[in-house]
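Listed below, chain by chain, are the residues.
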Amino acid sequence: YELESYGMPFSRTKEGKIYQRAFGGQSLKYGKGGQAYRCCAAADRTGHAMLHTLFGRALGFNCVFFIEYFALDLIMDNGVCRGVMCYSMADGTFHRMRANNTILATGGYGRAYFSCTSAHTCTGDGGAMITRAGLPNQDVEFVQFHPTGIYGAGCLMTEGCRGEGGILRNKDGERFMERYAPSAKDLASRDVVSRAMTMEILEGRGCGEEGDYIHLHLNHLPPELLHERLPGISETAKIFAGRDVTKEPVPVTPTVHYNMGGVPTNYLTEVIKQNEAGQDEVVPGLMAAGEAGCPSVHGANRLGANSLLDLVVFGRAAALRTGALYKPGQTQPELPAEAGLDAIERFDQIRFRKGSQKTSQVRAAMQKTMQRHAAVFRVQDLLEEGVTKMNDIYQQLHDVEIQDKSLNWNTDLSETLELENLLVNAMQTMYAAEHRKESRGAHARDDYPERDDEHWMKHTLTTIPDLKNGKVKIDFRDVIKTTLDDSEFQYVKPVKRVY
């Protein structure tokens, strides 16, 4: 209702109501009532429409945006977040931004993988800043592979394709999801579909000369429906796959899409850590929302469209909580004289370091290792090998030399800063994936195929105590098994997923 009142251009039914489509894994009566049609959509550009609507709304309130500023590190003072250190990529100046409250909304770190749907700016800057501040990240082993990234390009073919009736077929033309998920078929949850596609490819039923992709068919749907409800996807397929979706299938393959893990928060978006007694404790002055945060509403596998729901719900929660804690014009304590100096020292070390490696070389090694060793299917020996390789790659970071030493629009420098952030996140993901001896959601292990609630119904907390060697320390946090109000909504016990 609020988004509509802000002017978001939702698609409409003939009755003038907001159009709602089916999305994977969304069911009625806890999986027993068939497919749900609850995803409000703006054609196939729902997130894009939401972005522009909210940005326009923010401008209406005279919000100030610092465009082309790179957040380097949090300013922490005795356990309290007091702001953030930033670098202006346009003029090379440093800015110490003091704030009573800082909200991290920096997205995920999909670019740690070789093939992903993420923007090139999704480099896990927030999670890395949290790590450098000595705080934990949570559940980073849970990485979602979207079933339908365009083969070779990684660009996303939205789940709305299958919501509108798109079908996945192997080289024999078989609608193979009927074997893996007889009820939900192509609209099973993303991890189930991704694993099914991978199995088809591994068992020799993939499409193409090398048998390494699957066909997504939309060509049986009416062209007018594709034009009305999937116009962007039709254009994307034409540009990146050279396919006309009205006439021929699109080659797709499972591609990294979303990080369920992130900065641990409570339901108010306040960042939390554990005290010595193992109890949750709020980090004053610091919040996180969106893919950067981990209130764990997505568990081990996010369902389609719930990322946008997450943004709206927790973005709003962060604003309301900030308004409750702080008032306009409230004074701020002075910062220590050397606050933020460590961020500038780290910046200069990267800028002037001598070495034999290029940023692109180390980044490629990391991406290929993550793609190979922390992929759709995981197994102990591959994960152990991945940990060893990532340890070596992390050390190569200290041997990277950038050629351009300038401060203005220095992409060599900014990409190296982003590489460091990616590696900090990737290290924690690889270690946590190796450590979790079960299959749960997006974390699927061949050697531990079943979910083990007795031993592993707990959150993983990861930190890097010594950023020089990059070794990851793993702790755990209990899962909350109560609701805010039992009289309004009872706790739902986990059951085996059946599609």
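All figures in this text were calculated on a predicted structure; none of them were measured in a lab.

Definitions and limits used
- Residues numbered from 1 in each chain as written.
- Predicted model: local features only at pLDDT ≥ 70, side-chain atom pairs only at ≥ 80, totals over all residues.
- Heavy atoms only, no water.
- Buried < 20%, exposed > 50% of the residue type's maximum accessible area, 1.4 Å probe, protein only.
- Helix = DSSP H or I, 4+ residues; strand = E, 2+ residues; numbered from the N terminus.
- Axes fitted to C-alpha atoms, helices over the stretch in contact; angles between N-to-C directions.
- Parallel < 35°, antiparallel > 145°, perpendicular 65-115°, else oblique.
- Contact = heavy atoms within 4.5 Å.
- Nonpolar A, V, L, I, M, F, W, Y, C, P; charged D, E, K, R; others polar.
- Salt bridge = Lys/Arg side-chain N within 4 Å of Asp/Glu carboxyl O.
- Patch = residues over 30% accessible without salt bridge, like charges linked within 9 Å, V, L, I, M, F, W, Y side chains within 5 Å.
- Areas by Shrake-Rupley, 256 points an atom, 1.4 Å probe, with all protein chains shown as cover.
- Phe/Tyr/Trp six-rings, centres within 6.5 Å; stacked < 30°, edge-to-face > 60°.
- Lys NZ or Arg CZ within 6 Å of the ring centre and 35° of its normal.
- Polar contact = N/O pair within 3.5 Å; in protein donor to acceptor, adjacent residues only side chain to side chain.
- Pairing = 2+ DSSP bridges.

Novice: Is there a simple way to explain helix H3 (residues 125–132) in this structure?
Specialist: Burial within H3 is extensive, with 8 of its 8 residues counted as buried. Among the residues of H3, Asp 125, Gly 126, Gly 127, Ala 128, Met 129, Ile 130, Thr 131 and Arg 132 are the ones counted as buried. Following H3 by one or two positions, Gly 134 adopts a phi angle in the positive range, close to 85 degrees.

Novice: Can you walk me through the packing of helix H11 (residues 359–373) against helix H12 (residues 380–396) in this structure?
Specialist: When two helices pack together, you describe them by how their axes are tilted relative to each other and by the distance separating the axes. It is the contact of H11 with H12, at a shortest axis distance of 10 Å, that shows an interaxial angle of 170 degrees. In terms of orientation, H11 and H12 fall into the roughly antiparallel class. On H12, the residues touching Val 362, Ala 365, Met 366, Thr 369, Met 370, Arg 372 and His 373 of H11 are Leu 382, Leu 383, Glu 385, Gly 386, Lys 389, Met 390, Ile 393 and Gln 396. Split into classes, the residues belonging to the contact of H11 with H12 amount to 8 nonpolar, 4 polar and 3 charged.

Novice: Where do I start with the pattern of salt bridges in this structure?
Specialist: Pairing is possible between side chains of opposite charge, provided their charged atoms come close. Applying the stated rule across the entire model yields 33 salt bridges. Close ionic contact of Glu 438 with Arg 440 constitutes a salt bridge, the shortest N to O distance being 2.6 Å. Summarising the burial analysis for this pair, Glu 438 and Arg 440 share the class buried. Via salt bridges that share partners, Glu 141, Arg 436, Glu 438, Arg 440, Arg 451 and Asp 453 belong to a single interconnected network.

Novice: I keep staring at a nonpolar patch on the surface and nothing clicks. Help me out?
Specialist: There is a patch of nonpolar side chains on the surface, built from Phe 55, Leu 59, Phe 65 and Ile 67 and spanning about 380 Å² of accessible area. Looking at where Leu 59 falls in the secondary structure, it is placed in helix H2 (residues 46–60). What makes Leu 59 partly exposed here is its relative accessible area of 44%.

Novice: Which parts of the structure should I look at to understand the packing of aromatic side chains?
Specialist: We describe a pair of aromatic rings using the distance from one ring centre to the other and the angle between the two ring planes. Using the criterion set out here, one finds 9 aromatic pairs in the structure. Their ring planes at 90 degrees and their centres at 6.3 Å tell us that Phe 176 and Tyr 180 sit as a pair that is edge-to-face. Joined through ring pairs, the aromatic side chains of Tyr 87, Phe 94 and Phe 347 make up one cluster. One residue, Lys 458, lies across the ring of Trp 456, its end atom 5.0 Å from the ring centre. For the cation-ring pair, Lys 458 lies above Phe 476, with the distance from its terminal atom to the ring centre recorded as 4.1 Å.

Novice: Got a minute to help me understand the side chain of Ser 189 in this structure?
Specialist: Of note, Ser 189 is situated in the loop between helix H5 (177–180) and helix H6 (190–202). Side chain to side chain, Ser 189 and Asp 191 meet in a polar contact 2.7 Å long. Residues in contact with Ser 189, not counting those within four places in the same chain, are Gly 24, Gly 25, Asn 301, Leu 303, Arg 497 and Tyr 499.

Novice: What should I look at first to understand the sheet that holds strand S11 (residues 250–259) in this one?
Specialist: Note: strands within a sheet are paired through backbone hydrogen bonds, in either parallel or antiparallel orientation. With antiparallel pairing, 4 strands are arranged side by side in an open sheet as S8-S11-S10-S9. In this open sheet, the two edge strands, each paired with only one partner strand, are strand S8 (143–150) and strand S9 (167–169). Within the sheet, the average angular offset between the axes of one strand and its neighbour, ignoring direction, is 45 degrees. Sheet analysis places S8 next to S11, joined by 6 bridges and oriented antiparallel. Paired with Gly 149 across the two strands is Thr 253, which belongs to S11.

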